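Below are the chains, spelled out letter by letter.
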Amino acid sequence: MSSAWGQSAGENPSWANWTWYSWQAGPPCPRDYRDVPPVSLSEKGPVSLALKEISSLLQEFIMEYKLRYGLKLGMGLGIIYNGEVIFLEGGGTVSMDSDVAPDGDTIWNVGSITKVFTTLLLMKGITDGIVHLDDPVTKFYNQEAPPIFDIKNPYGNDLSGVCMHSLSTHTSGLPREAPCQAFNCGYNESIIFEYINAMLLLYPPFVQPHYSNFGLSLMGHCLERAYAGTYEDIIVDQLLSPMGMNSSGFHYTDDVKNRMATGYTLNAQGNQVEYAYNTEEQGWSAPCGGMYSSISDLLKFLHNAVLGGESPVGDDRSNMFKMSGTPMPDGVSGYGLGTFEDVYANGFNTITKGGLVGGFGSNVAFIPELKLGMAATINLGSSSPDTLLAESFLLLLPALLKELDSNQPPPSLPENYQHWLGKYGYSHLNVLLSIEESGQAGVLNGTLFGTPQIFTWDPVQQEMSAAGAAFRMVDATSLSESCHNLYAVSKDAVAYFGDILGIPVVTVTDQNIWNIPKLLL
């Protein structure tokens, strides 16, 4: 019998065999999230110097809020690399009435980052055989287990597409918000479902992404019924406690309140005022945004769930951030499994998730290939620390790559590089790409659209890149069909080497997709 991720009848399909609805060209291409050797972070090395710049950057953000906007705020920032916390600082103050700076244990509401944990619970439920990927909401809410889920579907009578898969990737077609405000919701579940069943699907399931707090809340309550407990307690027992996230949760005890930063918002006059519901639990909407946490705990999450630690879902952690097949209209980002957003930058997929709720903003971001992650928080609900994270990555990445490069063995080509060699085009008079031996270590010669190129192997990113051209080559020889991912809408062109029906093909993607056959000699 195969595992829970196997292909036996009645079992859950592998994540790799999901239907990638939005890609007409096939499933996303695989990335090799291989182990990257750790580097020694010497006191005067490039990384240490970059971390000092990041510390100054954090203080600059605090001062800008104070001098430009007259705001007295606090921010937290943490960085983890290869399982080691290499940066953990707070700036500003935990409240307007205090001069105490936040630290790694200060508690903040993290808003929509909660959605990642809701989907992580889905993955664990699938791994443990408690739920299935294609389980519809009607499996958990029906006549035998009321209230009934019967939202109006103007596109047909079938609600099976409103399922765990579509809910977790914002493709269910549900409206953005549930019929119950996030705080002080006095409705019981029967009343909530009366309102739900009077609503309409905005789109047929799996047709297009539409961010939905409602959808993730509904999925959390389906999982609540599958696990036979309360959502908040299940998250703590199944995820937070196993990852050592003891400063995270949903219930505001006196200890939590004493360690919590004060959340603020801006009133109509632009003045900083305390948010009224900082310690109010979100009730039915908790699965989409009701969690609190600390920077230290968020770094534990990044390490354990996605960057190589002891994951509560086992070895399938990489599925947390695979492309979900739901690219966004901006053309450079998309929703990944676990509601992560994926942005291609700096030669890597920088995978992020932000949260804005009440008086707080938060963000996590990571690069799986480098085992590098960051978390940032701020106690202002109309602001996000994502710019702080982005600028921190810009400071740290060149320094880290410099130290990584200095620790790499002499350049060499991958063992199977020879299947790349040859000419690719539609005829010998129309050669679009050619690759040949160079006689130099780690280098191939060739042409790209008729222009001579030198292709250099990058052992960190596991790909060839052309000097002077935005062109990269990634091995995809294990694929039996063409593949595609969001690189196709980035500024770079990417060549994936594989085969279609046994014919050697290079699939080149930029704004378009071309399957270019290898020419026979």
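Nothing here was measured: the structure is a model prediction, and the numbers come from that model. (Residues numbered from 1 in each chain as written. Predicted model: local features only at pLDDT ≥ 70, side-chain atom pairs only at ≥ 80, totals over all residues. Heavy atoms only, no water.)

K.L.:
Quick question: what am I supposed to make of the overall build of the chain here?
P.N.:
Each helix and strand counted, the chain has 10 helices and 21 strands in total. Every one of the 521 residues in the chain was classed for burial, and the buried ones make up 56%. Put simply, of all contacts in the chain between residues at least 6 apart along the chain, 62% involve residues at least 24 apart. About 21800 Å² of surface is accessible on the chain, with carbon and sulfur atoms providing 51% of the total. (Helix = DSSP H or I, 4+ residues; strand = E, 2+ residues; numbered from the N terminus. Buried < 20%, exposed > 50% of the residue type's maximum accessible area, 1.4 Å probe, protein only. Contact = heavy atoms within 4.5 Å. Areas by Shrake-Rupley, 256 points an atom, 1.4 Å probe, with all protein chains shown as cover.)

K.L.:
What is the right way to look at the side chain of T114 in this model?
P.N.:
You can see T114 is positioned in helix α2 (residues 114–127). Setting aside anything within four residues of it in sequence, one finds T114 in contact with Y231, F250, A286, P287, C288, G289, G290 and M291.

K.L.:
I'm lost on the nonpolar core in this one. Help?
P.N.:
Core analysis: the biggest nonpolar cluster contains 69 residues, and F117, F149, L218, F301 and L302 have the highest contact counts within it. Membership of the second largest hydrophobic core comes to 34 residues, among which are A50, M75, L396 and A399. (Core = buried A, V, L, I, M, F, W, Y, C linked by side-chain atoms within 4.5 Å.)

K.L.:
Which parts of the structure should I look at to understand unusual backbone geometry?
P.N.:
Trans peptide bonds make up most of the peptide bonds, and negative phi angles are found at most residues other than glycine. Omega for the peptide link from P146 to P147 comes to 5°, which places this bond in the cis form. Of note, P147 is situated in the loop between α2 and α3 (164–168). The backbone of H170 shows a phi angle near 55°, a positive value even though the residue is not glycine. Inspection of the secondary structure assignment puts H170 in the loop between α3 and α4 (189–196). We note that F206 has phi near 75°; this positive angle belongs to a residue other than glycine.

K.L.:
For this particular structure, what's the right way to read the confidence of the model for the chain?
P.N.:
Any region with low pLDDT has predicted coordinates that should not be read closely. When pLDDT is averaged along the chain, the result is 80; 73% of the residues meet or exceed 70. When the elements of the chain are averaged for pLDDT, strand β7 (residues 323–327) gives the smallest value, 47, and strand β6 (residues 291–294) the largest, 98. A low-confidence stretch, residues 1–35 (pLDDT under 50), is modelled with 97 contacts involving residues beyond four sequence positions or located in other chains. pLDDT under 50 marks residues 476–492. Its contacts with residues more than four places away, or in other chains, come to 73 contacts. (pLDDT = per-residue confidence, 0-100.)

K.L.:
Sorry if this is basic, but what is going on with a nonpolar patch on the surface here?
P.N.:
Side chains of Y187, I191 and Y195 sit close together on the surface and give an oily, nonpolar patch of about 280 Å² of accessible area. Mapped onto the elements of the fold, Y187 is located in the loop between α3 and α4. The partly exposed category is assigned to Y187, whose relative accessible area is 39%. (Patch = residues over 30% accessible without salt bridge, like charges linked within 9 Å, V, L, I, M, F, W, Y side chains within 5 Å. Salt bridge = Lys/Arg side-chain N within 4 Å of Asp/Glu carboxyl O.)

K.L.:
What is the right way to look at α4 in this model?
P.N.:
An α-helical segment advances 3.6 residues per turn. Residues three or four places apart therefore align on the same side. Of all the residues in α4, the buried ones are I192, F193 and I196. Viewed along the axis of α4, the buried residues span an arc of 95°, placing them on a single side of the element. Buried residues belonging to α4 abut α5 (213–227). Its side-chain oxygen 3.1 Å from the backbone nitrogen of S190, N188 forms the N-cap of α4. (Arc of directions from axis to C-beta. Polar contact = N/O pair within 3.5 Å; in protein donor to acceptor, adjacent residues only side chain to side chain.)

K.L.:
Sorry if this is basic, but what is going on with the pairing of strand β15 (residues 443–448) here?
P.N.:
Side-chain positions along a regular strand alternate between the two faces of the sheet. Across five bridges, strand β14 (residues 430–437) lies against β15 in antiparallel orientation. Within the sheet, the bridge partner assigned to I435 lies in β15 and is G446. Between the antiparallel neighbours β14 and β15 lie five residues, among them G439 with a positive phi of about 80°. Connecting the antiparallel pair β15 and strand β16 (residues 451–458) is a turn made up of two residues, with F449 showing a positive phi of about 55°. (Pairing = 2+ DSSP bridges.)

K.L.:
I keep staring at the pattern of salt bridges and nothing clicks. Help me out?
P.N.:
Close approach of charged atoms allows side chains with opposite charge to pair. As enumerated under the stated definition, the model contains eight salt bridges in all. A salt bridge links K124 to D128, with the nearest nitrogen and oxygen atoms 2.7 Å apart. We classify D128 as partly exposed; its relative accessible area is 41%. For K300, the salt bridge goes to D297, with nearest N and O atoms at 3.8 Å. In this pair, K300 and D297 are both assigned in helix α9 (residues 295–306), three residues apart and thus about one turn of the helix distant. Overall, the relative accessible area of 2% leaves D297 in the buried class.

K.L.:
Explain the side chain of N109 here, please?
P.N.:
Within the fold, N109 resides in strand β3 (residues 107–111). A polar atom in the side chain of N109 sits 2.7 Å from the side chain of Y252. In this structure the side chain of N109 is engaged in a polar contact, spanning 3.1 Å, whose partner is the backbone oxygen of N278. For N109, the residues in contact, after removing those within four places along its chain, are Y252, M260, N278, M291, Y292, V357, F360 and S362.

K.L.:
Quick question: what am I supposed to make of the pairing of strand β1 (residues 74–81) here?
P.N.:
Counting buried residues along β1, eight of its eight residues qualify, which places the element largely inside the surrounding structure. Covered by surrounding structure in β1 are G74, G76, G78 and I80 together with M75, L77, I79 and Y81, the residues of both alternating faces. Sheet topology places β1 next to strand β2 (residues 84–92); eight bridges connect them, and they run antiparallel. Residue pairing across strands places I79 opposite F87, the latter belonging to β2. Sheet topology note: the β1/strand β12 (residues 372–378) ladder contains seven bridges and is antiparallel. Residue pairing for β12: I79 is matched across the bridge by M374.

K.L.:
Please explain α9 as it appears in this structure.
P.N.:
Here α9 is 12 residues long and its end C-alpha atoms lie 16 Å apart, about the 16 Å a rise of 1.5 Å per residue gives. Taken across its 12 residues, α9 has 10 buried, putting it largely inside the fold. When we look at burial in α9, the residues that qualify are I295, S296, D297, L298, L299, F301, L302, N304, A305 and V306. A positive backbone phi angle near 115° is found at G308, which sits one or two residues after α9. (Expected span 1.5 Å × (residues − 1).)

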